[in-house]
Amino acid sequence: MNKKILIVDDEPNIVMTLEYSLKKMNFEVFIARDGSEALESLKQVIPDVILLDIMMPNVDGYQTIKQIKENKDFANIKIVFLSAKNREADIKKGFEYGADKYLVKPFSIKKVIAEIMELCEE
Amino acid sequence: MSNFLLVIIIVLYLVLLFYIAFLAEKNATKKWLNSPYIYTLSLAVYTSAWTYYGSVGVAAKSGLDFLPIYLGPVIAFPLWVYIMRKIIRISKQHKVSSIADFISLRYGKSRFIGALTTIILLIGIIPYISLQLKAIDETFHIIASKSTNNPSFILNDTTFYVAFLLAVFAAFYGTQKIDASEKHKGIVVSTAVESVLKLFFFLIIGVYVTFHLFDGTTDIYNQMSQLPNFQKLITFNGFGNGFNWFYTILLSFFAIFLLPRQFQVSVIENNCEKDLKQAIWLFPLYLLLFNLFTIFIAWGGILTFGNTPNADYFTLLLPLKHGNTFLALLVFMGGFSAVVSMVILSTLALSTMVSNNLVIPYGFLNKFINEPSHKNTQYIKRIRRFSIFLIIIASYLFYVNFSIEVSLYSIGLVAFVIISQLAPAFFLGLFWNRGSSKGAIIGIIAGFSVTFYTLILPFIIESFTGSRGFINHGLFNISLLKPYALFGIDFLNPPVHAFFWSLSVNTFFYLVFSLAFVSDYRERNYAEMIVDNNNFSGMEGNAFVWKGEAYVADIMNVLAKFLGEENAQVELNSFLNKYELPQNTLIADARLIDFSEKLLSGSIGGASAKILIASVVKEERISLIEVLKILEESKETIARNKSLRDKSSELIHISKKLKEANNQLILQDKQKNEFLDTVAHELKTPVTGIRAAAELLIDEQDEMPTEIRSKFLNVILQDSDRLSRLINNILDFEKLLSGRQNLVFDSNDLKLTLEKVLGSIKQIAYSKKIKIVRKQFANLVFQYDEDRIIQVLTNLLSNAIKFCDSQAGIITIDYKQKAQMVEMMVENNGQPIAEEDFNYIFDKFYQSSNQNIRKPLGSGLGLAISKQIIENHKGQIWAEEGITNGARFFFQLPLKQTEN
């Protein structure tokens, strides 16, 4: 069965490139344009991995991961932060929130896919 | 008018006064009874019968010479208020009960000075009181149309009964409390009532004479100017008269401080210092009103009666001559009021001095120490009452025996000259700490001797022998010793002449002896406390320097003799509490001694209090130098404490400011970080898109379908544009910061500019179902940089769209043309500007965290750029505060651009 990936980002161009590459690698891809849409979509489908942006309007990445971590049903979801915030403190903060990976924008698509594969094999 | 009826009226009037005093005592704490108006009106006890009748007499005889007596107080009243504030403060601190007590206090609670002052005042004031009685007698006979002559038998004389009743009044309301430094509300309020009456009646007779008997002031003046000698009455007679005026003004200035009744009402009866503020204008106004008609009544009298020796009583004679008995009666009652208040307050003040500064300290201290408190209270009250009757009887006898023709005015002036002998000791002592009791005593005695020789002696000789030989030829026929022209100074009138010489001699001796002999340490202690009252008042009991051995129990014994055991204990407890001393304190310190002396001062006078306390403690002598050193130290401590307090409050202030500044910095720092994050995010986002698209294009060069490829190429294109837009914004802002030279000023039409903006923004608004309401615009052409203003309007409008109500959004655009500028308004309904954002919205780097639109196009620079643009146009931009259902932004542009 194909692994499910949820992309949460408000930048359509970025979403578009990720979606294209992941689909090519046979992932099943879902898209949310901010935290609240993401939480909404979790009610329908529980993905294996979430690619989560941090700086988004309304519900940002931090609030989103917090709510995901509070829910036991989502315990198995792996979360990858995908953010322009690249200071050490930001990265540390991301892991403190419970992220499995922290990738910095601009990213290499090959690297993103490799990290996702790694998480799926665990 | 019949004698009998008049007596009944007088008695009724006195009963009324008793009743007023009774009501006032009963309601002593009522607010209006303690108002500054009552205070000021009681000050008007200054205007005695001398003013009421005598001024008219002087005005008739010598023109304007009646004025200086009132000008003195009027001119010097601001100074009076300044000095009075100090005197009142000191008197309240030390429980001073009279002016004699005050002067004695200044010179180390000197018993002798208190007594000397009392005697001088008695000599000065008793004739003055008798003058008032004389006025009653004479006016009574004028009204009762009987000839003025000496009563053959005391008991046939109405004046005697009036004097007796006044003594009863003063004794009853003046000695209710044993502490004479307490207030006498009854007497003060009845005095205030009398002040109103006498002014009112005097104004009535003034109006009657000027406008009823004559045809206004001009008429009187014109008729007067026909008379010979008129010029003399209205001119100022040269050099000598100038001196006369000057010294009379000075004399009356001294009098408003030194007259015992004046000191009583202005200091002892003062409720709070603030009352002085009202008095500073009200009292001069009162005096001014009182003198308004004087000259016209005098001239009216001259025109009616010619030059008569009875000019003092023109106010009575004029209505009587025209058959207006009722009006004459009113005038009489006004004069009677003036007499009553003057006599009662003078007697009260004098009797306090006689008991507290003369009789008790010299005769009763030993008796007091052996008697229980209720007996002592009785003794003290009896001494005061006895003094009151004695003073009034003495005044009455003086009036009966010295009935030669002396005008009210001259005897009043003699009294002023005598009491002004206290002026150097009083005034210099207030401001000069070296002034000593030796200097004061010698100065007063010398000054009084000179007064005696130049004023009292000739008066006595003339009245007993009827001879003017002494006056005309001088002592032993030495012309330099002529009493009215000492050492050839013959251009002054007798009282002024006496005043000039006595005051000069007095001041000279005061200064010389104060400088020549160092004063006693105790005396210097008080001198410092009083001269430097501002510094020492904060020290409470600590300004009193005392060393030695004293026991609380001994002091308590003395206190109990006057206050009773119980009250003494209450006072002691309050003292111990105040200084946080233990209840079982055995050894008394300087503070308790000072405190106890103050407690007794009001009842028996400062000097007696000092003597009594000293009798139960063992004081060590301290050197003057030590006293000064201790005082200096405590002064320094106070100054240090004060400066420490100031410093610490300053520090608190500074640290508060630092904290604010720090918070400001933290906030700015945070904002800056947030901005950098935003900028980084905004820059990285398109770069991310470009990078990802490029990576895919390279990796999948051949297998990628054409439509996907072009999609990714488009991403690269879009994101590159976005990147350069952002970079431009930042550069733009920096450029604007550098000033207005970057603007392009051309003639533009604001209406057209707005339409351009609306054209580009309409589509977005339409898609969000936001209605744009625009008021009717006229063409408005002036100089501005159109592109920049487009930028501002675009920014305001896109903000308005961003924050608009999402269901029924309305944006309103309005403008107002004013004289020099145009004011634009952009308003949207919906979300208000958050309170925490309000102060920062125009700051660069600031982005509200409350935006409801996805991906704001801006970078936190929009409003900052707008502000810069408007300011570079020399205009203003702001948001209205307190709008709760939306946001309202304004900017103003000047219609004329002036070069710097």
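For the structure, see preceding data.
Below is a summary of the structure that appears in this document. (Residues numbered from 1 in each chain as written. Chains lettered and ligands numbered in written order. Predicted model: local features only at pLDDT ≥ 70, side-chain atom pairs only at ≥ 80, totals over all residues. Heavy atoms only, no water.)

**Considering the overall build of chain A**
Helix and strand counts for chain A come out as 5 helices and 5 strands. Burial status across chain A gives 52% buried among its 122 residues. Within chain A, contacts between residues at least 6 apart in sequence are counted, and of these 61% link residues at least 24 apart. Approximately 5900 Å² of chain A is accessible, and the part contributed by carbon and sulfur atoms is 49%. (Helix = DSSP H or I, 4+ residues; strand = E, 2+ residues; numbered from the N terminus. Buried < 20%, exposed > 50% of the residue type's maximum accessible area, 1.4 Å probe, protein only. Contact = heavy atoms within 4.5 Å. Areas by Shrake-Rupley, 256 points an atom, 1.4 Å probe, with all protein chains shown as cover.)

**A few points about the pattern of salt bridges**
This structure, assessed with the given rule, holds 27 salt bridges over all chains. For the salt bridge of Arg591(B) with Asp589(B), the shortest nitrogen-to-oxygen distance reads 3.1 Å. Note that Lys598(B) is salt-bridged to Asp594(B), the shortest N-O span being 2.9 Å. Remark: Asp594(B) and Lys598(B) occur in helix 27 (residues 590-604); sequence separation between them is 4 residues, near one turn of the helix. With respect to burial, Lys598(B) and Asp594(B) carry one shared label: buried. Three or more residues are tied together by salt bridges with common partners; here these are Lys101(A), Lys111(A), Glu115(A) and Glu118(A). (Salt bridge = Lys/Arg side-chain N within 4 Å of Asp/Glu carboxyl O.)

**What to know about the side chain of Ser21(A)**
Structurally, Ser21(A) can be placed in helix 1 (residues 12-24). Under the relative-accessibility criterion, Ser21(A) is labelled buried at 5%. Leaving out residues up to four positions away in the same chain, Ser21(A) has contacts with Ile109(A), Ile113(A) and Leu696(B).

**Points about the nonpolar core**
Residues and elements named next belong to chain B. In terms of nonpolar packing, the biggest core is built from 199 residues, with Trp80, Ile87, Phe257, Leu258 and Phe426 touching the most fellow members. Considering every element that reaches this core, the biggest residue donor is helix 16 (residues 325-369), with 23 residues. Among the nonpolar cores identified, the runner-up in size contains 45 residues, and Val757, Phe838, Ile869 and Phe891 belong to it. (Core = buried A, V, L, I, M, F, W, Y, C linked by side-chain atoms within 4.5 Å.)

**Digging into a nonpolar patch on the surface**
Residues Tyr37(B), Ile280(B), Trp281(B), Leu285(B), Leu289(B) and Leu292(B) make up a contiguous nonpolar surface patch of about 540 Å² in total accessible area. Counting residues per element, the nonpolar patch draws most heavily on helix 13 (residues 275-290) of chain B, which supplies 4 residues. (Patch = residues over 30% accessible without salt bridge, like charges linked within 9 Å, V, L, I, M, F, W, Y side chains within 5 Å.)

**Focus: the sheet that holds strand 8 (residues 876-879) of chain B**
Residues and elements named next belong to chain B. The sheet built from 5 strands is open, its strands ordered 4-6-7-9-8 with mixed pairing. Each edge of the open sheet carries a strand with a single partner, namely strand 4 (771-774) and strand 8. If you compare each strand with its neighbour and ignore which way they point, the axes differ by 15° on average. When strand 6 (residues 810-817) meets strand 7 (residues 821-829), the two strands line up antiparallel, connected through 7 bridges. Note that in strand 7 the partner of Tyr815 across the bridge is Met824. Sitting on the sheet, helix 31 (residues 750-767) is in contact with strand 4, strand 6 and strand 7, with an inclination near 165° to strand 4. (Pairing = 2+ DSSP bridges. Axes fitted to C-alpha atoms, helices over the stretch in contact; angles between N-to-C directions.)

**Remarks on the pairing of strand 7 of chain B**
Within a regular beta strand, the side chains point alternately toward one face of the sheet and then the other, so they alternate between its two faces. All names here are of chain B. Of all 9 residues in strand 7, 7 are buried; the element is thus mostly enclosed. Hairpin connection of strand 6 to strand 7: 3 residues between the antiparallel strands. Pairing of strand 7 with strand 9 (residues 886-894) involves 9 bridges; the strand directions are antiparallel. When the bridges of strand 9 are listed, Asn828 appears paired with Ala887.

**Brief notes about the interface of chain B and chain A**
Of the residues lining the interface, 29 residues belong to chain B; the matching set on chain A comes to 25 residues. For the pair chain B and chain A, the summed buried area comes to about 2400 Å², and 56% of that belongs to carbon and sulfur atoms. Between Lys110(A) and Glu695(B) there is a salt bridge whose closest N-O contact spans 3.3 Å. Every element with two or more residues in the side of chain B that touches chain A is listed here: helix 29 (624-699) and helix 30 (706-737) of chain B. Per-class residue counts for the side of chain B that touches chain A are 10 nonpolar, 7 polar and 12 charged. (Buried area = accessible area lost by both parts, 1.4 Å probe. Nonpolar A, V, L, I, M, F, W, Y, C, P; charged D, E, K, R; others polar.)

**Description of the environment of Phe336(B)**
Residue and element names in this part refer to chain B. Considering the arrangement of structural elements, one finds Phe336 in helix 16. Spatially, the C-alpha atom of Phe336 lies 8.6 Å from that of Ile10, the residues being 326 residues apart in sequence. Filtering out sequence-adjacent residues up to four positions away, Phe336 remains in contact with Ile10, Tyr13, Leu14, Ile136 and Val162.

**A closer look at the packing of helix 5 (residues 99-106) of chain B against helix 19 (residues 423-431) of chain B**
Residues and elements named next belong to chain B. Packing of helix 5 against helix 19 brings their axes to within 10 Å, and their N-to-C directions diverge by 50°. As summarised for this structure, helix 5 and helix 19 are arranged oblique, according to the angle between their axes. Between helix 5 and helix 19 lies a crossing whose hand is left-handed. In this structure, helix 5 contributes Ile99, Phe102, Ile103 and Arg106 to the contact, and helix 19 contributes Phe426, Gly429 and Leu430. Taken together, the residues that form the contact of helix 5 with helix 19 break down as 5 nonpolar, 1 polar and 1 charged. (Parallel < 35°, antiparallel > 145°, perpendicular 65-115°, else oblique. Left-handed = near helix turned anticlockwise from the far one by under 90°.)

**Considering the sheet that holds strand 2 (residues 28-32) of chain A**
Residues and elements named next belong to chain A. Ordered by their spatial adjacency, 5 strands build an open sheet running 2-1-3-4-5, and the pairing between neighbours is parallel. Looking at strand neighbours, the two that pair on one side only are strand 2 and strand 5 (101-104), the edges of this open sheet. Direction aside, the axes of adjacent strands within the sheet are offset by 20° on average. The pairing of strand 4 (residues 78-83) with strand 5 spans 4 bridges and is parallel. Its bridge partner being in strand 5, Ser83 is matched across the sheet by Val104. With respect to the sheet, helix 3 (residues 61-70) is in contact with strand 3 (49-52) and strand 4, its orientation differing from that of strand 4 by roughly 175°.

**Here we look at the environment of Phe293(B)**
All names here are of chain B. Looking at where Phe293 falls in the secondary structure, it is placed in the loop between helix 13 and helix 14 (294-305). Since its relative accessible area comes to 10%, Phe293 is described here as buried. Distance from Phe293 to Thr217, taken between C-alpha atoms, is 9.2 Å for residues 76 residues apart in sequence. Not counting residues within four places of it along the chain, the set of residues in contact with Phe293 comprises Leu203, Gly206, Val207, Thr210 and Phe211.

**A closer look at helix 15 (residues 314-321) of chain B**
All names here are of chain B. The buried count for helix 15 comes to 6 of 8 residues, which makes it a mostly enclosed element. Taken together, the buried positions of helix 15 are Phe314, Thr315, Leu316, Leu317, Leu318 and Pro319. At the exit of helix 15 stands Gly323, carrying a positive phi of roughly 75°.

**Quick word on the pairing of strand 1 (residues 4-8) of chain A**
Residue and element names in this part refer to chain A. Taken across its 5 residues, strand 1 has 5 buried, putting it largely inside the fold. Judged by which residues are buried, strand 1 turns out to be covered on both faces: Lys4, Leu6 and Val8 on one side and Ile5 and Ile7 on the other are all buried. Of the pairings in the sheet, the one linking strand 1 to strand 2 comprises 5 bridges and is parallel in character. The partner of Ile5 across the bridge, within strand 2, is Val29. Judged from the 4 bridges that link them, strand 1 and strand 3 form a sheet pairing that is parallel. Bridge pairing links Leu6 to Ile50 in strand 3.

**Quick notes on the environment of Met342(B)**
Residue and element names in this part refer to chain B. Here Met342 is to be found in helix 16. In this structure the C-alpha to C-alpha distance between Met342 and Gln262, which are 80 residues apart in sequence, comes to 9.5 Å. Those residues within four positions of Met342 in sequence are excluded, and the remaining contacts are Val45, Ser48, Tyr128, Ile129, Gln132 and Arg261.

**Considering the packing of helix 8 (residues 185-213) of chain B against helix 15 of chain B**
Each packed pair of helices is defined by two parameters, the angle between the axes and the distance between the axes. Residues and elements named next belong to chain B. Where helix 8 contacts helix 15, the axes come no closer than 11 Å and their chain directions differ by 50°. One finds that helix 8 runs oblique with respect to helix 15. For the pair helix 8 and helix 15, the crossing hand works out as left-handed. Contacts between helix 8 and helix 15 involve Phe202, Ile205, Tyr208, Val209 and Leu213 from the former and Thr315, Leu318 and Pro319 from the latter. For the contact of helix 8 with helix 15, the class distribution of residues is 7 nonpolar, 1 polar and no charged.

**Quick notes on the side chain of Ser346(B)**
Residues and elements named next belong to chain B. Its location among the elements puts Ser346 in helix 16. With a relative accessible area of 2%, Ser346 lands in the buried category. Excluding residues within four positions of it along the chain, Ser346 makes contact with Ile125, Ile129 and Arg261.

Read these as layout, nothing more, since geometry by itself doesn't imply function.
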